Amino acid sequence: MPKTQTLKVPSLKISRIQSVPNSNNNSPSDKNNPTSEIWSTQKNQKSPPQSPATKYQKTFTTPNRYAIFSTQTIETDNMEHEPSDSPENNKPPESSENNSAAQKSPPSPLPPPIFIKSVINFDQLCIKIREKINPEDQFICKSSINGIKLTTNTPNAYRAIIKFLQESKAEFHTYQIKQDRAFRVVIRNLHHSTDINNIKNELEVLGFRTRNINNVIQKQTKQKLPLFFVDLEPAPNNRDIFNINSICYTKIKIEEPRVHKDLVQCQKCQGLGHTKKYCNHTPKCVKCGNNHLSENCTKSQDQPPICALCGGEHTANYRGCPKYKELQRSNTQYINKKTHQSTTNHNNSTTPVNNTYMHNVTKQNLSSNELKSLINPLIALLTTVINKLILTK
């Protein structure tokens, strides 16, 4: 194989010449001065005749901004190489990995908050939590009439606090940590009778590890639909699944699931805003509101239901419940506020062209009555102009 040698392009040098009047043009000191030679870097060339002024040369060395492209690899089969113990050969090669390591890695997402209920001694709780987590880990609390909201800065501290609260039989609820959250997608146009194991095997061959696969069922009619929810294990290549267009001999389409704005309800304690998987509250029945699971309820059909949220004569999952309406209204206002803030920030940073585009989009979202009120006068005016033109002819 041909041997290679790395060459580097040197920095650019610029010579500046300045003429200074001198009455003694044939002074011997000028002839012996190397700075008086205009072409001092050229060899075997005649020097041009000296002008009546003394020549001074000043060299400026500029930084080479193309240094990153300065290395070249050439074949040097018949060239002599420096010994392997030379200082230049012992230098570690510069690579982009060192530069990337110097850059700061993006911060990992913070663990979800923990909502603790019925705390009697706050100081004692903080002391116990401080003993369970590592010295470098931190936590902070925010108190309200409903309990304490506790947040941590590391997943290890989050898991240690959850374990401590479970062992203490405390009432709390939390959410799934983002690092453990599955990546959910929807597979469309796949027949409902397709074996789930076949779907799992084909996805694994393509490099995706599945956690759960479910066929979607229509809520009212209980009919199976050609839709499948697929939960993938956390992996860097999860978003590549959207490039798949065929599995199980079927042309499919993979999409992200739709986001529901309705509040989720826990089927264990009937609370709103969390699920039973991460709930450690006392169970409440959806029918009678007593402290037991809904499947263990012995209430007869003759007795009216009692809501565990407001105490009214309806089940706890009734969407007309005053408590549910209040929390849903607050949640909607919060979402609208966040959306308005993001839209305002986007409009402040857009160019006039983008502002014009946003104005056009706003006009397209007008209601039908507003459109009619704008279009009808224009139609009437156009009709009048046409009639006058006809009469004139």
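First, a word on scope: everything that follows refers to the structure included in this document.

Rules of the game
Residues numbered from 1 in each chain as written. Predicted model: local features only at pLDDT ≥ 70, side-chain atom pairs only at ≥ 80, totals over all residues. Heavy atoms only, no water. Pairing = 2+ DSSP bridges. Helix = DSSP H or I, 4+ residues; strand = E, 2+ residues; numbered from the N terminus. Axes fitted to C-alpha atoms, helices over the stretch in contact; angles between N-to-C directions. Buried < 20%, exposed > 50% of the residue type's maximum accessible area, 1.4 Å probe, protein only. Contact = heavy atoms within 4.5 Å. Parallel < 35°, antiparallel > 145°, perpendicular 65-115°, else oblique. Left-handed = near helix turned anticlockwise from the far one by under 90°. Nonpolar A, V, L, I, M, F, W, Y, C, P; charged D, E, K, R; others polar. Salt bridge = Lys/Arg side-chain N within 4 Å of Asp/Glu carboxyl O. Polar contact = N/O pair within 3.5 Å; in protein donor to acceptor, adjacent residues only side chain to side chain.

1. Here we look at the sheet that holds strand E11 (residues 224-232)
With antiparallel pairing, four strands are arranged side by side in an open sheet as E10-E11-E9-E14. Sheet topology places strand E10 (210-217) and strand E14 (253-255) at the edges, where each strand pairs with a single neighbour. Pairs of neighbouring strands in the sheet enclose a mean axial angle of 25°, with direction left out of account. By the bridge criterion, six bridges tie E10 to E11 in an arrangement that is antiparallel.

2. Overview of the environment of Asp137
Note that Asp137 resides in the loop between helix H3 (122-132) and strand E6 (139-144). Classification of Asp137 as buried rests on a relative accessible area of 5%. Those residues within four positions of Asp137 in sequence are excluded, and the remaining contacts are Arg130, Asn153, Thr154 and Ala157.

3. Side note on the pairing of strand E7 (residues 147-152)
Pairing of strand E5 (residues 114-117) with E7 involves three bridges; the strand directions are antiparallel. For Ile114, the partnering residue across the bridge sits in E7 and is Leu150. One ladder, built from six bridges, connects E6 with E7; its direction is antiparallel. Within the sheet, the bridge partner assigned to Ser143 lies in E7 and is Ile148. Linkage of E6 to E7, two consecutive antiparallel strands, is achieved through a turn of two residues.

4. Concerning the packing of H3 against helix H4 (residues 155-167)
Two measures define how a pair of helices packs: the angle their axes make with one another and the distance between the axes. The N-to-C vectors of H3 and H4 enclose an angle of 125°; their axes lie 9 Å apart at closest approach. One element, H3, and the other, H4, form an angle in the oblique class. The handedness of the crossing between H3 and H4 is right-handed. Where H3 approaches H4, its residues Leu125, Lys128, Ile129 and Lys132 are matched on the opposing element by Ala160, Ile161 and Phe164. Split by residue class, the contact of H3 with H4 holds five nonpolar, no polar and two charged.

5. Quick notes on the pattern of salt bridges
Per the stated rule, a full pass over the model turns up six salt bridges. Between Glu255 and Arg188 there is a salt bridge; the shortest N-O distance is 2.9 Å. On the criterion of sequence distance, the pair formed by Glu255 in strand E14 and Arg188 in strand E9 (residues 183-188) is long-range, its members being 67 residues apart. With a closest N to O distance of 2.8 Å, Glu256 and Arg239 form a salt bridge. With Glu256 in the loop between E14 and helix H6 (322-348) and Arg239 in the loop between E11 and strand E12 (246-247), the pair connects residues that are 17 residues apart, well separated along the chain.

6. Overview of the side chain of His173
Tracing the backbone through its elements, the reader meets His173 in strand E8 (residues 171-173). There is a polar contact of 3.0 Å between the side chain of His173 and the side chain of His281. Once residues within four sequence positions are removed from consideration, His173 is found in contact with Pro113, Ile114, Phe115, His274, Tyr278, Cys279 and His281.

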